[in-house]
Amino acid sequence: MSTPRRVFLQQLAVAGAGAMLPQVAWSASSYKRIIGANDRVRVGVVGFSDRHRNTHMPCFLNHYKELNFDLVGVSDIWKRRREEGAAMWKEKIGHNVTAYRNNEEMYASKGIDAVFIGTADFQHALHTIEAVKAGCDAYVEKPFAETMEDNRAALKAVKASKQIIQIGSQRRSGDNYKAAEQYIKSGKFGPITMVELSWNVNQPGRWRRPELVSELRQEDIDWKRYLMNRPNEAYDPRKYLEYRLFWPYSSGLPGQWMSHQIDTVHWFTGLKHPRSVTANGGIYMWKDGRRNWDTITSVFDYGPENDPSQGFQVVFASRMHNGDERPAEIYYSNGGELNLITNKVSPTGGLTKRHAEAMHMQPNLLQEFSLSNTEAAVASANTGGDVLTSNHVRNWMECIRSRKETNAPVEAGYSHSIANIMTTAASHTGLKATFDEKTQEVMVGGKPFKY
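What this report covers is the structure whose coordinates are included nearby. (Residues numbered from 1 in each chain as written. Predicted model: local features only at pLDDT ≥ 70, side-chain atom pairs only at ≥ 80, totals over all residues. Heavy atoms only, no water.)

## Description of the sheet that holds strand E5 (residues 137–140)
As summarised here, the arrangement of the 6 strands in space is E3-E2-E1-E4-E5-E6, forming an open sheet in which the pairing is parallel. Strand pairing shows two members of the sheet lacking a second neighbour, strand E3 (98–100) and strand E6 (165–167), which therefore form its edges. Along the sheet, successive strands turn relative to each other by an average axial angle of 20°, direction set aside. Relative to E5, strand E4 (residues 114–117) runs parallel, the two being bridged by 4 bridges. Paired with Ile117 across the two strands is Val140, which belongs to E5. Each of strand E1 (41–46), E4, E5 and E6 is contacted by helix H5 (residues 124–133), which is oriented at about 175° to E4, the strand it contacts most. With respect to the sheet, helix H13 (residues 387–402) is in contact with E1, strand E2 (69–75), E4, E5 and E6, its orientation differing from that of E5 by roughly 165°. (Pairing = 2+ DSSP bridges. Helix = DSSP H or I, 4+ residues; strand = E, 2+ residues; numbered from the N terminus. Axes fitted to C-alpha atoms, helices over the stretch in contact; angles between N-to-C directions. Contact = heavy atoms within 4.5 Å.)

Printed below as a string of structure tokens:
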């Protein structure tokens, strides 16, 4: 671990103040704050990103009046975005919204109860630590973490607090996905033998922000705060605005898209992470200086750690140069398939009666039916106030009131991050990645994976 990284994580653990926040003193009362049934919940924004303005905002506006929530502050280290955020929220809410230069200022105001976290991928876990140490509940976009150090630190901080966390895995708030989970866990589907996941797009500009890059000025942001615990690099506006293309600020395809789909595998099966992962791919089309692949195929082995004779395979494939933006999630058993594109269970591909009789087996073909309330997962860059995310934001808001566990608690983020980090480790080293339960480390070549 590099010295800046080690010092940063020590600051998080000891001071609980997050990135560059040594001056804030957190009290025990932060952990004991319980919002009354009639109290208005004051919400702040950590990072006025495209995701926040295009999705968090309309989803919050769907529910805030009914549930007595308010939006009172926007924290962003880029002057332009915090001012835009405060102005846009003022227009929507009808009152002034405070623009904060950074999270330290916002949390020091003592006027925030909960936050939306929609910052760069590598910052999500670290900003979650800041939030819970400040006594705030949080809606945290995925991927939850891009390294195991950050993943473990954030899980520990959340579990030590009493805060309500919703990971932005909105499939967990879809009725069709809930029906699929219940059906698989009922045993009627039979043992899963294979899962095929894919997410393909064809957008030259996906994750590129050339106009904004040309307008960003170093004096208008706090570059040191942006880097948090990552190694020091010279200022680069692309790594700030197009971070999804550059490791170690993002893993790209695994963190952005696979994290959604692999989460359903964990949810439906109760398994916490893969037993092993291999990956292959490359930058085949977009030769624009990016570090992260534009094409990947990852192969996962899932099953109980103590019984290698039981399990199933998962394949995730994604490309950015040819695709129709229709994410595919298909679960297979010997009796048929559960297809989350069509939202149907069917005997397609199942063992036929004739073949079963030839093998002296009892056929177990699935009965065809539709999953309830089909709600398609939206794959476009800006999903708007889609049904799944609106449901998910509402669930978070209701759980802030009830203090009950959300549909996607912190453990869901911890688990999808293990799978993501194993994929990153396999793709960066060309080796099979495994997971050490005792040390909670992703292992490649007999040693923990470090970037």
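## Points about the pattern of salt bridges
Applying the stated criterion across every chain, the model contains 30 salt bridges. One salt bridge in this structure joins Arg171 and Glu329, with 3.1 Å as the shortest N-O distance. One end of the pair, Arg171, is in the loop between E6 and helix H7 (175–186); the other, Glu329, is in strand E11 (residues 328–333), and 158 residues separate them in sequence. Each member of the pair, Arg171 together with Glu329, is buried. In this structure, Glu441 engages Lys450 in a salt bridge whose closest nitrogen and oxygen atoms are separated by 3.8 Å. Judged by its relative accessible area of 11%, Glu441 is buried. Residues joined in a network through salt bridges with shared partners are Arg208, Arg238, Glu242, Asp288 and Arg290. (Salt bridge = Lys/Arg side-chain N within 4 Å of Asp/Glu carboxyl O. Buried < 20%, exposed > 50% of the residue type's maximum accessible area, 1.4 Å probe, protein only.)

## Some points on the nonpolar core
By size, the foremost hydrophobic cluster in this structure holds 95 residues, and its most contacted members are Tyr226, Tyr331 and Leu338. A per-element tally of this core places helix H14 (residues 410–429) first, with 8 residues. When sequence neighbours within four positions are dropped, the list of residues in contact with Tyr331 reads Ile184, Phe189, Ile192, Met194, Val195, Thr264, Val265, Phe268, Gly336, Glu337, Leu338 and Leu340. Grouped together as the second largest cluster of nonpolar side chains are 24 residues, Val43, Phe69, Tyr139 and Ile400 included. (Core = buried A, V, L, I, M, F, W, Y, C linked by side-chain atoms within 4.5 Å.)

## Description of the pairing of strand E9 (residues 295–302)
Relative to E9, strand E8 (residues 276–282) runs antiparallel, the two being bridged by 7 bridges. Its bridge partner being in E9, Gly281 is matched across the sheet by Ile296. Note: E9 against strand E10 (residues 312–319), 8 bridges, orientation antiparallel. Among the inter-strand pairings, Thr297 is bridged to a residue of E10, identified as Ala317.

## Section: the packing of aromatic side chains
Each aromatic ring pair is characterised by the separation of its centres together with the angle its planes make. Applying the stated criterion across every chain, the model contains 23 aromatic pairs. Residues Trp78 and Tyr240 carry aromatic rings whose centres are separated by 6.3 Å and whose planes lie at 80° to one another, so their mutual orientation is edge-to-face. Pair noted here: Trp78 is in the loop between E2 and helix H3 (79–93) and Tyr240 is in helix H10 (residues 237–241), with a separation of 162 residues, a long-range link. According to the relative accessible area criterion, Trp78 is buried, its value standing at 2%. Ring centres of Tyr226 and Tyr249 lie 6.0 Å apart, and the angle between their planes is 35°; this geometry places the pair in the tilted category. Of the two residues, Tyr226 sits in helix H9 (residues 223–227) while Tyr249 sits in the loop between H10 and helix H11 (253–269), which places them 23 residues apart along the sequence. Take Tyr226 and Tyr249: they sit in the same class, and that class is buried. Through a chain of ring-to-ring contacts, three or more aromatic side chains come together here, namely Phe60, Tyr64, Phe69, Trp89, Phe116, Tyr139 and Trp396. (Phe/Tyr/Trp six-rings, centres within 6.5 Å; stacked < 30°, edge-to-face > 60°.)

## What about H14?
Here H14 contains 20 residues, and its C-alpha end-to-end distance of 28 Å stays within 8% of the 28 Å for a straight helix at 1.5 Å per residue. Counted residue by residue, H14 has 17 buried out of 20 residues, so it is predominantly covered. Phi for Gly430, located one or two positions after H14, is positive at around 75°. (Expected span 1.5 Å × (residues − 1).)

## A look at the environment of Thr98
Topologically, Thr98 is positioned in strand E3. Assessed through its relative accessible area of 38%, Thr98 is described here as partly exposed.

## Section: the sheet that holds strand E17 (residues 447–448)
Strand order in the open sheet made by the 11 strands is E14-E13-E12-E11-E7-E10-E9-E8-E15-E16-E17, with mixed pairing throughout. Every interior strand has two partners, whereas the edge strands, strand E14 (369–370) and E17, have only one. Of the pairings in the sheet, the one linking strand E16 (residues 441–444) to E17 comprises 2 bridges and is antiparallel in character. Note that in E17 the partner of Val444 across the bridge is Lys447.

## Looking at empty space enclosed by the protein
Evaluation of the coordinates by the stated rule reveals 3 cavities of 30 Å³ or more. Taken as a whole, the second largest cavity encloses approximately 60 Å³ of empty space. Looking at the second largest cavity, the residues that line it are Glu146, Thr147, Met148, Glu149, Ile421, Val442, Phe449, Lys450 and Tyr451. (1 Å grid on protein atoms, 1.4 Å probe; cavity = no way out; pocket = protein on both sides within 12 Å on 5 of 7 lines; lining within 4 Å. Points joined across faces, edges and corners; volume = space filled by probe spheres on them.)

## Concerning the packing of helix H6 (residues 148–160) against H14
For the pair H6 and H14, interaxial distance at closest approach is 10 Å and the crossing angle is 175°. The pairing of H6 with H14 is recorded here as roughly antiparallel in orientation. For the pair formed by H6 and H14, the contact residues are Met148, Asn151, Arg152, Leu155, Val158 and Lys159 on the first element and Val410, Glu411, Gly413, Tyr414, Ser417, Ile418 and Ile421 on the second. Classifying every residue of the contact of H6 with H14 by side-chain character gives 7 nonpolar, 3 polar and 3 charged. (Parallel < 35°, antiparallel > 145°, perpendicular 65-115°, else oblique. Nonpolar A, V, L, I, M, F, W, Y, C, P; charged D, E, K, R; others polar.)

Such coordinate-based values are descriptive only and should not be taken to indicate function.
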